[in-house]
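Letter by letter, the chains look like this.
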Amino acid sequence: MWKEYRLTELRDIIEQMNIRPIDIMITGATGAGKSSTLNAIFGNDITKVGEGNEPETMGIDSYELNDLVRFWDRSEE
């Protein structure tokens, strides 16, 4: 997935900035593909995907990719 040299470079930059983890919020309308996008990024089913117009995510959940990046999944009601 991540090339080791890019991961090392990213870690160095984050250390210099003194931030950890980087928080990324995934937002959008129901059915926009937020959960599917997270599942694709993680390479497995970390979150349930709704069908049609029925929302599956109700509220905010967090998912840590590694010690550098954390995603937040928010559904709009």
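Located above this text is the structure these notes cover.
Residues numbered from 1 in each chain as written. Predicted model: local features only at pLDDT ≥ 70, side-chain atom pairs only at ≥ 80, totals over all residues. Heavy atoms only, no water.

Draft legend 1. Here's a closer look at the pairing of strand β2 (residues 60–64). Note that β2 and strand β3 (residues 69–74) share five bridges and pair antiparallel. Residue Y63 lies in a different strand from β3, and its bridge partner there is F71. The antiparallel pairing of β2 with β3 creates a hairpin that spans four residues between the two strands. (Pairing = 2+ DSSP bridges. Helix = DSSP H or I, 4+ residues; strand = E, 2+ residues; numbered from the N terminus.)

Draft legend 2. Representation of the sheet that holds strand β1 (residues 22–26) within the structure. Spatially, the three strands line up as an open sheet ordered β1-β3-β2, and their pairing is mixed. Strand pairing shows two members of the sheet lacking a second neighbour, β1 and β2, which therefore form its edges. Taken pair by pair, the neighbouring strands of this sheet meet at an average axis angle of 25 degrees, ignoring direction. Note that β1 and β3 share five bridges and pair parallel. Bridge pairing in β3 links M25 to W72. Strands in contact with helix α2 (residues 34–42) are β1, β2 and β3; relative to β3, the strand with the most contacts, it is inclined by about 160 degrees. (Axes fitted to C-alpha atoms, helices over the stretch in contact; angles between N-to-C directions. Contact = heavy atoms within 4.5 Å.)

Draft legend 3. A look at the nonpolar core. The biggest cluster of nonpolar side chains holds nine residues, and these are L7, I14, I26, L38, F42, Y63, L68, V69 and F71. Of all the elements in the fold, those that place two or more residues in this core are α1 (4–17), α2 and β3. Every residue in contact with F42, bar those within four places of it in the chain, is listed here: Y63, E64, L65 and F71. (Core = buried A, V, L, I, M, F, W, Y, C linked by side-chain atoms within 4.5 Å. Buried < 20%, exposed > 50% of the residue type's maximum accessible area, 1.4 Å probe, protein only.)

Draft legend 4. Expanded view of the packing of aromatic side chains. Summed over the entire model, instances satisfying the criterion amount to one aromatic pair. Look at F42 and F71: their rings are 6.0 Å apart centre to centre, the planes differ by 70 degrees, and that puts the pair in the edge-to-face class. Residue F42 is found in helix α2, and its partner F71 is found in strand β3; the two are separated by 29 residues along the sequence. The pair formed by F42 and F71 is uniform in burial state, with each residue classed as buried. (Phe/Tyr/Trp six-rings, centres within 6.5 Å; stacked < 30°, edge-to-face > 60°.)

Draft legend 5. Seen up close, the pattern of salt bridges. Scanning all chains against the criterion turns up one salt bridge. The salt bridge involving R70 is made with D23; its shortest N-O contact spans 2.5 Å. One end of the pair, R70, is in strand β3; the other, D23, is in strand β1, with 47 residues separating them in the sequence. (Salt bridge = Lys/Arg side-chain N within 4 Å of Asp/Glu carboxyl O.)

Draft legend 6. Structural view of the side chain of D73. Mapping D73 onto the fold places it in strand β3. Summary of buried charges: D73 has no salt-bridge partner, and the nearest side chain of opposite charge, K34, is 5.5 Å away. Among the polar contacts listed, one links the side chain of D73 to the side chain of S35, at a separation of 3.4 Å. (Lys, Arg positive; Asp, Glu negative; His and termini not counted. Polar contact = N/O pair within 3.5 Å; in protein donor to acceptor, adjacent residues only side chain to side chain.)

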